[in-house]
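Per-entry structural report
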Amino acid sequence: MAARSIVQKLGNRVKEVAKNKSSSWWYTPHMAAASRAIAERIPLVDLVLEIRDARVPLSSGCNHLGALLSSSRRIIVLNKMDLAKQSNVKEWTTYFDQQNCVSFGVNAHNKDNIHEFLNFLQARVRELTKTTRSDHTCTIMLVGIPNVGKSALANSLHQVGRISAAEKGKLKHAIVSPEPGETRNISSLKIASHPNIYVLDTPGILPPEILTDEVCLKLALTGAINDYIVGKIELAKYFLSVLNRSDEYKKWEKFTAIGNINNENEASASSHMERSRRRQNDHTQDFIVNDVRGALYNAVSSFNGDLENEEDLLELIEAEFSKLRNAFRIGLQSAAEEHDDDRRHSSSSKVAIKLLDLYRTGRLGHYILDSSIPS
């Protein structure tokens, strides 16, 4: 596979950082301390929710916690299911069920889905407390690698649970950030009454051992590993290699005409130059997103090379970057500057940042990077 060389090259970058014992990022002293704290508390809690990213249901697993995650008390929660291909999510939940692991797909930002998940958790708790006192307090611990949405899920359960129980008082909030590693301490949030149920939000922890190239890159693309380790441009190229092999772009043919109309209108509407300038700074505008989709469709559908050939694949990716500069309204200011490597790198960085943001918010389709279910 032509993408293999890309995976190996970028995976090696992550491995080099992981091997560095003084790394301020991979399995830091903070992560090591968090791992010990989690290991100490797991035997004391009633349920453990292992939060995974639905786009990487296998690669985002907490395998390093090993035997601590008893299958009878563990629930695998596939968060961010709104960003993943739904048919594949169902296949993965079926797989986990076959492995005797209870699983549940959630979107931490969908209140109806959270309400359904909370009802599911309360039913599980009632089963656990049948032989205990009715006023038994149940504790549920959330564990997972960085940036799988543990804190967002804890906040949503807390908010929906308190509203359902008609409880008064100030809502608490766990820290939520798009950057991995923001949660530093174990915090407790109440999510239900009768019986009382609390969730413990924990810091994201990476395994102490080095992962495979492919897993490293998947985690980097989904945001579990800091972008600077691999580089945004390289990550964007990896995403394009995934996109080029998928069927997602085939849905975007209708946007090619829209892009042409937008370009013509912008070229002729000189009286609206200031408004256009402001719009250029917002790459999430619908018309820009549609232009991006149209540009990618044009690039892939007109490609005559072999995607399994590394040189051909890289040539396609470079062509996509060129089209995306126009779609994002990122231009080189003069012909002379087209030969300026620094200027070209800067424009490529802007393209990469905007492209990754659109992918990570689901505007460029839904993907499952762990495409092969173990037999």
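Computed from a prediction, not measured in an experiment: that's the story for all the values here. (Residues numbered from 1 in each chain as written. Predicted model: local features only at pLDDT ≥ 70, side-chain atom pairs only at ≥ 80, totals over all residues. Heavy atoms only, no water.)

**Here's the deal with helix α4 (residues 111-128)**
Helix length check: α4, at 18 residues, gives a terminal C-alpha distance of 25 Å against a target of 26 Å (1.5 Å per residue), a fit within 8%. One side-chain oxygen at the N-terminal end of α4 lies 3.1 Å from the backbone nitrogen of Asp112; it belongs to Asn110. (Helix = DSSP H or I, 4+ residues; strand = E, 2+ residues; numbered from the N terminus. Expected span 1.5 Å × (residues − 1). Polar contact = N/O pair within 3.5 Å; in protein donor to acceptor, adjacent residues only side chain to side chain.)

**Considerations on the pattern of salt bridges**
According to the stated counting rule, one finds 12 salt bridges in the structure shown. Across the pair Lys218 and Glu214 runs a salt bridge whose closest N-O atoms are separated by 3.6 Å. Of the two residues, Lys218 and Glu214 are both situated in helix α6 (residues 213-221); the distance of four residues between them amounts to about one turn of the helix. Residue classification places Glu214 among the partly exposed residues on the basis of a relative accessible area of 33%. (Salt bridge = Lys/Arg side-chain N within 4 Å of Asp/Glu carboxyl O. Buried < 20%, exposed > 50% of the residue type's maximum accessible area, 1.4 Å probe, protein only.)

**As for the packing of aromatic side chains**
Enumeration according to the criterion identifies 10 aromatic pairs in this entry. Considering the side-chain rings of Phe239 and Tyr367, the 5.7 Å spacing of their centres and the 85 degrees angle between planes classify their relative orientation as edge-to-face. A residue pair is termed long-range when its members are at least 10 positions apart, and Phe239 in helix α8 (residues 232-244) and Tyr367 in the segment after α13 (341-360) qualify at 128 residues. Tyr367 shares its class with Phe239; the two are buried. Every member of this aromatic cluster is reached through a ring pair, and the members are Trp92, Tyr95 and Phe96. (Phe/Tyr/Trp six-rings, centres within 6.5 Å; stacked < 30°, edge-to-face > 60°.)

**Considering helix α2 (residues 29-41)**
Helix length check: α2, at 13 residues, gives a terminal C-alpha distance of 19 Å against a target of 18 Å (1.5 Å per residue), a fit within 8%. Against the buried residues of α2 lie β4 (138-143). (Contact = heavy atoms within 4.5 Å.)

**Examining the layout of surface pockets**
A water-sized probe, rolled over the atoms, reveals where empty space remains. Looking at the second largest pocket, its volume works out to about 570 Å³. Residue lining of the second largest pocket: 20 residues in total, with Val242, Arg245, Ile368, Leu369 and Ser371 positioned closest to the centre. Looking at the lining of the second largest pocket, the elements with two or more residues in it are α1 (3-19), α6 and α8. (1 Å grid on protein atoms, 1.4 Å probe; cavity = no way out; pocket = protein on both sides within 12 Å on 5 of 7 lines; lining within 4 Å. Points joined across faces, edges and corners; volume = space filled by probe spheres on them.)

**Side note on the sheet that holds strand β6 (residues 197-201)**
With mixed pairing, six strands are arranged side by side in an open sheet as β3-β2-β1-β4-β6-β5. Of all strands in the sheet, those bounded by a partner on one side alone are β3 (102-105) and β5 (187-192). Adjacent strand axes in the sheet meet at a mean angle of 25 degrees when their direction is disregarded. Relative to the sheet, helix α3 (residues 86-98) contacts β1 (47-53), β2 (74-79) and β3, its axis offset from that of β2 by approximately 170 degrees. Across the sheet, α4 is in contact with β1, β2, β3, β4, β5 and β6; its angle to β3 comes to roughly 160 degrees. (Pairing = 2+ DSSP bridges. Axes fitted to C-alpha atoms, helices over the stretch in contact; angles between N-to-C directions.)

**Quick word on the pairing of β2**
Of all six residues that make up β2, six are buried, and the element is covered over most of its length. Bridge analysis of β1 against β2 gives six bridges, and the strand direction is parallel. Note on β2: the bridge partner recorded for Leu49 is Ile75. Sheet analysis places β2 next to β3, joined by four bridges and oriented parallel. Looking at the pairing, Ile76 lines up with Ser103 of β3. Crossover connection from β2 via α3 to parallel β3: handedness right-handed. (Right-handed = clockwise from strand over helix to strand, strands pointing away.)

**So, the environment of Thr361**
Within the fold, Thr361 resides in the segment after α13. Owing to a relative accessible area of 44%, Thr361 belongs among the partly exposed residues under this scheme. Considered as a pair, Thr361 and Leu83 are 278 residues apart in the sequence and their alpha carbons are 7.0 Å apart.

**Things to note about the confidence of the model for the chain**
Confidence in the prediction for the chain averages 82 pLDDT; 78% of positions are at 70 or higher. Low pLDDT, under 50, characterises residues 261-275; the predicted model gives this stretch seven contacts beyond four residues in sequence or across chains. (pLDDT = per-residue confidence, 0-100.)

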